[in-house]
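Structural characterization, general
The primary structure of each chain is shown beneath.
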Amino acid sequence: MVTMSDVARLAGVSKMTVSNVVNDRAGVSEPVRRRVLDAIKESGYRLNVNARTLKAGRTGVIGLAVPEVDRPYYGMLAAHVIEEARARGFHVAIEQTGAAAEGEAAAIAQSHKLQFDGLILSAVALDPRDRGQAWGDFPIVMLGERDYGASIDHVGMANEAGTRAATEHLIARGCERIAIVTGRSLEGVHVVSRRHRGYVEALEAAGLAADPALWSLTGMHMASGRRAVRDLHAAGVRFDGVVAVTDTVAQGVLRGLADVGLRCPEDVRVVGFDDVPEASYMVPSLSTVAPDHRWMAAKAVALIAARLDDPGREPEEHTAPFELVVRESTA
């Protein structure tokens with residue numbers, strides 16, 4: 001059986017440092033924490049969850065609730081959360097919410113009922129302020145792009161900055177008529193409105209018109225991206241670049257361009273958002289905004305652990321770093 005001492009030797013740190021990392025205590029630098037977590041993964045070390053449960057009155061299970069389990073992004077997110085949770089001795093139970101407030105509220109209620117130690121919720125519709133934080137001190141971390149203020153632990157993406165970088169990249173490649181293919185509504189504060197805002201900011205900074213004729217509010221699926229291109233082409237709207245709200249939508253955009261006889265990147269350059277694994281295998285391979293998904297998963301699990309240790313601490317707000325990955329679709 002692999003012991004904590006074995007992990008310490010492999011990572012080149014003390015046993016106490018390993019214990020501090022496993023229990024998410026302060027005072028460990030990020031490079032050392034990552035080295036210890038890598039050593040845990042390499043060695044196969046596992047906490048004695050039963051012993052910890054008896055000692056702390058916990059089940060050793062946290063929930064992960066996502067809108068749709070069959071989306072590439074959420075599959076990737078779940079894999080990272082499971083890996084990070086396992087390193088801390090947690091199991092993960094996955095729930096699908098259907099991107100509806102009722103489904104998200106039900107996931108919280110079910111987590112209570114099953115006595116999970118906490119819940120990581122990728123929320124689309126639910127606002128904890130509307131429901132008065134009815135779950136009390138139950139550890140919840142919100143993932144997603146709504147404005148939660150300082151009401152709850154939240155890990156989000158750099159939506160405006162990421163889409164602004166994507167749009168600036170297309171402008172630098174010579175695009176002047178840049179379409180955006182996004183969700184159905186720009187009302188409120190959510191992933192669609194935030195990414196649209198970054199797109200508009202980039203155009204205005206470059207002195208280009210933010211022409212509503214180039215805004216396709218069709219939805220968040222592959223079929224939406226395909227339909228958007230067909231509709232723009234049928235309406236005679238000229239465009240030489242596309243910012244897609246997600247990589248899934250971008251994949252539909254690529255299909256739509258092929259349908260109407262437009263080449264990518266020769267006629268139209270395309271940028272997505274998320275950097276799902278499939279992005280590098282599309283034809284052409286997809287340029288995309290790549291948030292640090294592993295960082296997000298690690299932060300979310302760490303916040304659950306911190307809330308378990310200190311239920312009364314102040315909520316934290318974190319934004320994941322990102323990079324723009326340039327591939328063939330904007331070559």
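For the structure itself, consult the block above.
Below you will find a few notes about this structure. As the structure is a prediction and not an experimental result, all values here were calculated from the model.

**So, the overall build of the protein chain**
Along the backbone of the protein chain there are 11 helices and 12 strands. Compactness check: the protein chain gives a C-alpha radius of gyration of 22 Å against a globular reference of 20 Å for 331 residues, within 12% of the reference. For the protein chain, the spread of C-alpha atoms along the three principal axes comes to 70 × 45 × 30 Å. Within the protein chain, the proportion of its 331 residues that are buried is 53%. For the protein chain, the proportion of contacts with a sequence separation of at least 24, taken over those separated by at least 6, is 69%. Taken as a whole, the protein chain presents about 14,600 Å² of accessible surface, with 51% of it coming from carbon and sulfur. Treating the 37 positive side-chain charges of the protein chain as one cloud and the 43 negative ones as another, the clouds have centres 4 Å apart.

**Quick look at the environment of Gly162**
As for its position among the elements, Gly162 is in helix 7 (residues 159-172). Given a relative accessible area of 0%, Gly162 falls into the buried group. In this structure the C-alpha to C-alpha distance between Gly162 and Glu328, which are 166 residues apart in sequence, comes to 19 Å. When near neighbours in sequence (up to four residues on either side) are disregarded, Gly162 contacts Phe273, Val289 and Phe322.

**Regarding helix 8 (residues 191-205)**
With 15 residues, helix 8 ought to run about 21 Å at 1.5 Å a step, and its terminal C-alpha atoms sit 21 Å apart, in line with that. Here helix 8 lies mainly inside the structure; 11 of its 15 residues are buried. Three or more residues of helix 8 are buried, namely Val191, Val192, Ser193, Arg194, Arg195, His196, Gly198, Tyr199, Val200, Ala202 and Leu203. Where helix 8 is buried, its residues touch helix 7, strand 6 (178-182), strand 7 (215-217), strand 8 (241-244) and strand 9 (269-273).

**As for the layout of surface pockets**
Volume-wise, the largest pocket comes out at about 680 Å³. Surrounding the largest pocket, 31 residues form its lining, Arg71, Tyr74, Val124, Val191 and Met220 being those nearest its centre. Residue assignment for the lining of the largest pocket shows that the elements contributing at least two residues are helix 5 (72-87) and helix 8. Ranked by residue count, the leading element in the lining of the largest pocket is helix 8, at 3 residues. Tallied by class, residues from the lining of the largest pocket come to 12 nonpolar, 12 polar and 7 charged.

**Things to note about the nonpolar core**
Judged by nonpolar contacts, the single largest core of 59 residues is most densely connected at Ile120, Phe239 and Val270. Contacts of Val270, omitting those with residues within four sequence positions, involve Leu170, Val242, Ala250, Val253, Leu254, Leu257, Cys264, Leu286, Ser287, Ser329 and Thr330. Judged by nonpolar contacts, the second largest core, of 14 residues, contains Met4, Ala11, Val21 and Ala39.

**Remarks on the sheet that holds strand 1 (residues 61-66)**
Judged by pairing direction, the sheet is parallel, and its 6 strands sit side by side in the order 2-1-3-4-5-11 without closing on themselves. Two strands in the sheet have a free side with no partner beyond their single neighbour: strand 2 (91-96) and strand 11 (317-319). Within the sheet, the average angular offset between the axes of one strand and its neighbour, ignoring direction, is 20 degrees. Pairing analysis gives 4 bridges linking strand 1 to strand 3 (residues 118-122), with the strands arranged parallel.

**Some thoughts on the pairing of strand 5 (residues 153-156)**
Going residue by residue along strand 5, you find Asp153 and Val155 tucked away on one face and His154 and Gly156 tucked away on the opposite face as well. As defined by bridge partners, strand 4 (residues 140-143) adjoins strand 5 across 3 bridges and the pair is classed as parallel. Across the sheet, Val141 pairs through a bridge with Asp153, a residue of strand 5. The sheet contact formed by strand 5 and strand 11 spans 3 bridges and is parallel.

**Let's talk about the pattern of salt bridges**
Side chains that differ in charge, positive against negative, can pair when their charged atoms come close. The full count for this structure, using the stated rule, is 18 salt bridges. The salt bridge partner of Glu83 is Lys41, with a shortest N-O separation of 3.0 Å. Within this pair, whereas Glu83 is found in helix 5, its partner Lys41 is found in helix 3 (residues 30-43), the two being separated by 42 residues in sequence. The exposure class assigned to Glu83 is partly exposed, which follows from its relative accessible area of 22%. On the basis of relative accessibility, which here comes to 54%, the residue Lys41 falls in the exposed class. Between Arg177 and Asp211 there is a salt bridge, with its nearest N and O atoms 3.1 Å apart. In this pair, Arg177 is assigned in the loop between helix 7 and strand 6 and Asp211 in the loop between helix 8 and strand 7, connecting sequence segments 34 residues apart.

**Digging into the packing of aromatic side chains**
Tallying each qualifying case throughout the model produces 1 aromatic pair. When the ring centre of Phe273 is taken as origin, the NZ or CZ atom of Arg195, which lies over that ring, is 3.6 Å away.

**With respect to the sheet that holds strand 12 (residues 322-325)**
An order of 7-6-8-9-10-12 is seen for the 6 strands of this open sheet, with the pairing classed as mixed. Two strands close off the open sheet at either side, each with one partner strand: strand 7 and strand 12. If you compare each strand with its neighbour and ignore which way they point, the axes differ by 15 degrees on average. Packing of helix 8 onto the sheet brings it into contact with strand 6, strand 7, strand 8 and strand 9, and relative to strand 6 it is tilted by some 175 degrees.

What counts and what doesn't
- Residues numbered from 1 in each chain as written.
- Predicted model: local features only at pLDDT ≥ 70, side-chain atom pairs only at ≥ 80, totals over all residues.
- Heavy atoms only, no water.
- Helix = DSSP H or I, 4+ residues; strand = E, 2+ residues; numbered from the N terminus.
- Rg over C-alpha atoms; globule rule 2.2 N^0.38 Å.
- Buried < 20%, exposed > 50% of the residue type's maximum accessible area, 1.4 Å probe, protein only.
- Contact = heavy atoms within 4.5 Å.
- Areas by Shrake-Rupley, 256 points an atom, 1.4 Å probe, with all protein chains shown as cover.
- Lys, Arg positive; Asp, Glu negative; His and termini not counted.
- Charge placed at Lys NZ, Arg CZ, Asp CG, Glu CD.
- Expected span 1.5 Å × (residues − 1).
- 1 Å grid on protein atoms, 1.4 Å probe; cavity = no way out; pocket = protein on both sides within 12 Å on 5 of 7 lines; lining within 4 Å.
- Points joined across faces, edges and corners; volume = space filled by probe spheres on them.
- Nonpolar A, V, L, I, M, F, W, Y, C, P; charged D, E, K, R; others polar.
- Core = buried A, V, L, I, M, F, W, Y, C linked by side-chain atoms within 4.5 Å.
- Pairing = 2+ DSSP bridges.
- Axes fitted to C-alpha atoms, helices over the stretch in contact; angles between N-to-C directions.
- Salt bridge = Lys/Arg side-chain N within 4 Å of Asp/Glu carboxyl O.
- Phe/Tyr/Trp six-rings, centres within 6.5 Å; stacked < 30°, edge-to-face > 60°.
- Lys NZ or Arg CZ within 6 Å of the ring centre and 35° of its normal.

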